[in-house]
Amino acid sequence: MEGWSSYALSDFLLFSPQTYFRQFALINEAAMPLPVLLHALAAALLWLSSISTPRRGRIVLIGLAVLCAGSAWLFHWRSYAAINWIAPWFAAGFAMQAALLLFSGAAGGFKSDSPSRAGTLLARGVAIACVILYPLQAVVFGRPWREAELIGISPDATALFTAAMIVLLRPSRRRLLLVLPMAWLVIGLLTLKTMGAPEVWTLGALCLGLLAATIAGRKDRAADRSAPAPGD
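Now for a quick tour of the structure.

Cut-offs applied
Residues numbered from 1 in each chain as written. Predicted model: local features only at pLDDT ≥ 70, side-chain atom pairs only at ≥ 80, totals over all residues. Heavy atoms only, no water. Patch = residues over 30% accessible without salt bridge, like charges linked within 9 Å, V, L, I, M, F, W, Y side chains within 5 Å. Areas by Shrake-Rupley, 256 points an atom, 1.4 Å probe, with all protein chains shown as cover. Salt bridge = Lys/Arg side-chain N within 4 Å of Asp/Glu carboxyl O. Helix = DSSP H or I, 4+ residues; strand = E, 2+ residues; numbered from the N terminus. Phe/Tyr/Trp six-rings, centres within 6.5 Å; stacked < 30°, edge-to-face > 60°. Buried < 20%, exposed > 50% of the residue type's maximum accessible area, 1.4 Å probe, protein only. Lys NZ or Arg CZ within 6 Å of the ring centre and 35° of its normal.

Thoughts on a nonpolar patch on the surface
Point 1. On the surface, a nonpolar cluster with roughly 730 Å² of combined accessible area is contributed by Ile 128, Ile 132, Leu 133, Leu 136, Val 139, Val 140, Phe 141 and Trp 145.
Point 2. With respect to the helices and strands, Phe 141 occurs in the loop between helix H6 (118-140) and helix H7 (155-169).

Some remarks on the packing of aromatic side chains
Centre distance and the angle of the planes are the two values used to describe a pair of aromatic rings.
Point 1. What the rule picks out here adds up to ten aromatic pairs.
Point 2. Residues Tyr 20 and Phe 21 carry aromatic rings whose centres are separated by 5.2 Å and whose planes lie at 80° to one another, so their mutual orientation is edge-to-face.
Point 3. The exposure class of Tyr 20 is buried, given its relative accessible area of 2%.
Point 4. Here Tyr 20 and Phe 24 contribute two aromatic rings whose centre-to-centre distance is 5.6 Å and whose plane-to-plane angle is 90°, an arrangement assigned as edge-to-face. Here Tyr 20 pairs with Phe 24, and both are found in helix H2 (residues 17-31), just four residues apart, close to one helical turn. The residues Tyr 20 and Phe 24 share a single accessibility class, namely buried.
Point 5. Taken together through their ring pairs, the aromatic side chains of Tyr 20, Phe 21, Phe 24, Phe 75, Tyr 80, Phe 90, Phe 94 and Trp 184 make up a single cluster.
Point 6. Here the basic side chain of Arg 143 rests over the ring of Phe 21, its NZ or CZ set 3.9 Å away from the ring centre.

Read these as spatial facts, not as claims about activity.
The following block contains the structure:
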């Protein structure tokens, strides 16, 4: 026990921050224009979620499945596995999330919500931040543009965007759909913190925003249930 207690998280880190973020540059250069197209898909899904159109929820969930599959294949399986032996298991987790999203999208079932509700506004804000802020982090923190973390590639951005959209859309199986993205966000935070990367503050702040959106959404629904019916 004394031997294990002498270790810190950094002792188990298999790579440097430079090596980690270099993976994004390698993917962006080798797979171009696919990374940009995946990020554009995320922006399109965010726009679609804001308009009233038939089957918008199903379309968005299927699009999220594409983004999770992209991160599973391009980042975890083809790139991250070269520096982290556990990455294939992460790839399997993202692939499983894609399958769950596809199933949920095909099954349908969404609960309507007012666009002015606090939970909805917070979740949309987190999703917007994923689309806009994550690509900018590379330059803000002194990294080259080619290391931009795009949704559909970056697991942190993809998991956070996926979770925010699930909270926003309120599919009938949202609790199940949130398990894997939330689990990855914990892993992502621990990885960034262990590396001493300043990006941990961005992810941490947005995770708090996501948590606030989830709590606010529950309070909104509780208020709806306790409100008297019209005419009472």
